[in-house]
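What follows is the residue order along each chain.
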Amino acid sequence: MNPFYVIILGNGSAVPTSFQNPTSQLVAYGKKRFLIDCGEGTQIQMIKYKTGHSNINNIFISHLHGDHFFGLIGLLNTFHLYGRKTALNIYAPRELKKVIEIQLEASKSNLNYTLFFHFLEEIKNRPLYEDNHISIEHFSLKHRIPTYGFVFREKIGQRKLMKSFVEEYNPSVEKMYAVKEGLDYELEDGRIIPNAEITLDPPPPRSYAFCSDTAYTEEILPFIKNVDLLYHESTFDNSQENMAADKFHSTAAQAATIAQKATVKKLLLGHFSARFKEKNHLLQEAKAVFSNTELSVEGRSYDI
Ligand SMILES: [Zn+2]
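Anyway, here's the lowdown on the structure attached to this text.

What counts, and at which threshold
Per chain, residue numbering runs from 1 following the sequence as it is written. In keeping with the model being predicted, local features are shown solely for residues with a pLDDT of at least 70 and side-chain atom pairs are shown and tallied solely at 80 or more, while totals for entire chains, interfaces and linings include all residues. Side-chain calculation: all heavy atoms of the structure are included, whereas hydrogens and water are not. Going along the chain from the N terminus, every DSSP run of H or I of four or more residues is numbered as a helix, and every run of E of two or more is numbered as a strand. An expected span of 1.5 Å times one less than the residue number is assigned to each helix. Between buried and exposed lies partly exposed: a residue is buried under 20% and exposed over 50% of the maximum accessible area for its type, with that area taken using a 1.4 Å probe on protein chains only. Arc, as used here, means the arc of the directions from the helix axis to the C-beta atoms. A pair of strands counts as paired when DSSP detects no fewer than two bridges linking them. Whether two aromatic rings pair depends on their centres lying within 6.5 Å, for rings of Phe, Tyr and Trp, where Trp uses its six-membered ring; planes under 30 degrees apart make the pair stacked, over 60 edge-to-face, and the rest tilted. Charges are assigned to positions over rings by a cutoff of 6 Å between ring centre and Lys NZ or Arg CZ, combined with an angular limit of 35 degrees from the ring normal.

Some points on helix α3 (residues 95-106)
Okay, step 1: Here α3 is twelve residues long and its end C-alpha atoms lie 17 Å apart, about the 16 Å a rise of 1.5 Å per residue gives.
Okay, step 2: Within α3 the residues assigned to the buried category are Leu-96, Ile-100 and Leu-104. Seen from one end, α3 has its buried residues packed into an arc of 65 degrees, which puts them on one side. Residues of α3 that are exposed and point more than 90 degrees away from the buried face comprise Lys-98, Ile-102, Glu-105 and Ala-106.
Okay, step 3: Following α3 by one or two positions, Lys-108 has its phi on the positive side, about 50 degrees.

Looking at the pairing of strand β1 (residues 4-10)
Okay, step 1: Of all seven residues making up β1, seven are buried, and the element is well covered by its neighbours.
Okay, step 2: Pairing analysis gives six bridges linking β1 to strand β2 (residues 24-29), with the strands arranged antiparallel. Opposite Val-6, over in β2, you have Val-27 as the bridge partner.
Okay, step 3: Here β1 runs beside strand β18 (residues 301-303); their pairing, made up of three bridges, is antiparallel. By the bridge assignment for β18, Val-6 is matched with Tyr-302.

Observations regarding the packing of aromatic side chains
Okay, step 1: For the coordinates displayed, the defined rule picks out 16 aromatic pairs.
Okay, step 2: Ring geometry for Phe-4 against Tyr-29: centres 5.0 Å apart, planes inclined by 70 degrees, an arrangement best described as edge-to-face. Taken together, the residues Phe-4 in strand β1 and Tyr-29 in strand β2 connect sequence positions 25 residues apart. Each of the two residues, Phe-4 as well as Tyr-29, counts as buried.
Okay, step 3: Taken together, the ring pairs in this structure connect Phe-34, Phe-60, Tyr-91, Tyr-129, Phe-150, Phe-152, Tyr-208, Phe-210 and Tyr-231 into an aromatic cluster.
Okay, step 4: Here the basic side chain of Arg-84 rests over the ring of Phe-79, its NZ or CZ set 5.0 Å away from the ring centre.

Structure below.
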């Protein structure tokens, strides 16, 4: 099974503190790395937690509040200084292209690699990214400006060959591949061995969803239904429910309600307010609704 996990680089909200960084996280699948959001200081966090950078070819920016992308120009410039040649894909609201271009222009910087922008508002009814193993889709969140969540879905893997089948029939590599794909096995005398008798089901595909920033909205439920791990913002606590609604953010309990209604396996809370150095009450309020909840911790990786 390919490794599939997320490393939290920043789980704070807009106001900086000495104990948490603005939003950023790195999703790893196999050797590939996907960066979600790039708040100020993201590249320092990457160095601190030794994430590497060379396998990042795709960056997803949820929205254009500064705490979700102010670190991007720095990271792009550092990639240039590292001598990067590989093109980089950025999936973001349209205006980000202008912001980045004017920053590069003003400093007379010519990156020695190509940037491809993909505008989130223009991509509909298809994944943002797809390879043989995973697909990445986006969906609208409910925030003060256009904001998107992302869901990473592993594709169903090949069927597993039973050891007894390989030992008994010693099939060619070509035939093994066909059986893994689900075809029956044909013997030289013409007899057919049904696929179900010689293979096992592949492991269930895994999935991960990122939802930040957003007010409570059940419109996201179809997109995140049954994911293995949900990262959801929890900027406020129960006493601040009105403020959460005013500012288009969520309370920890609202994040938990979403987790429970979407029947996800596990909830990871983040986008913590600078007000809360101690966050245990957020955890308790969420757990009262959805027990399999954790507070995200910067630098920690979470298996999906
Ligand atoms: Zn925001």
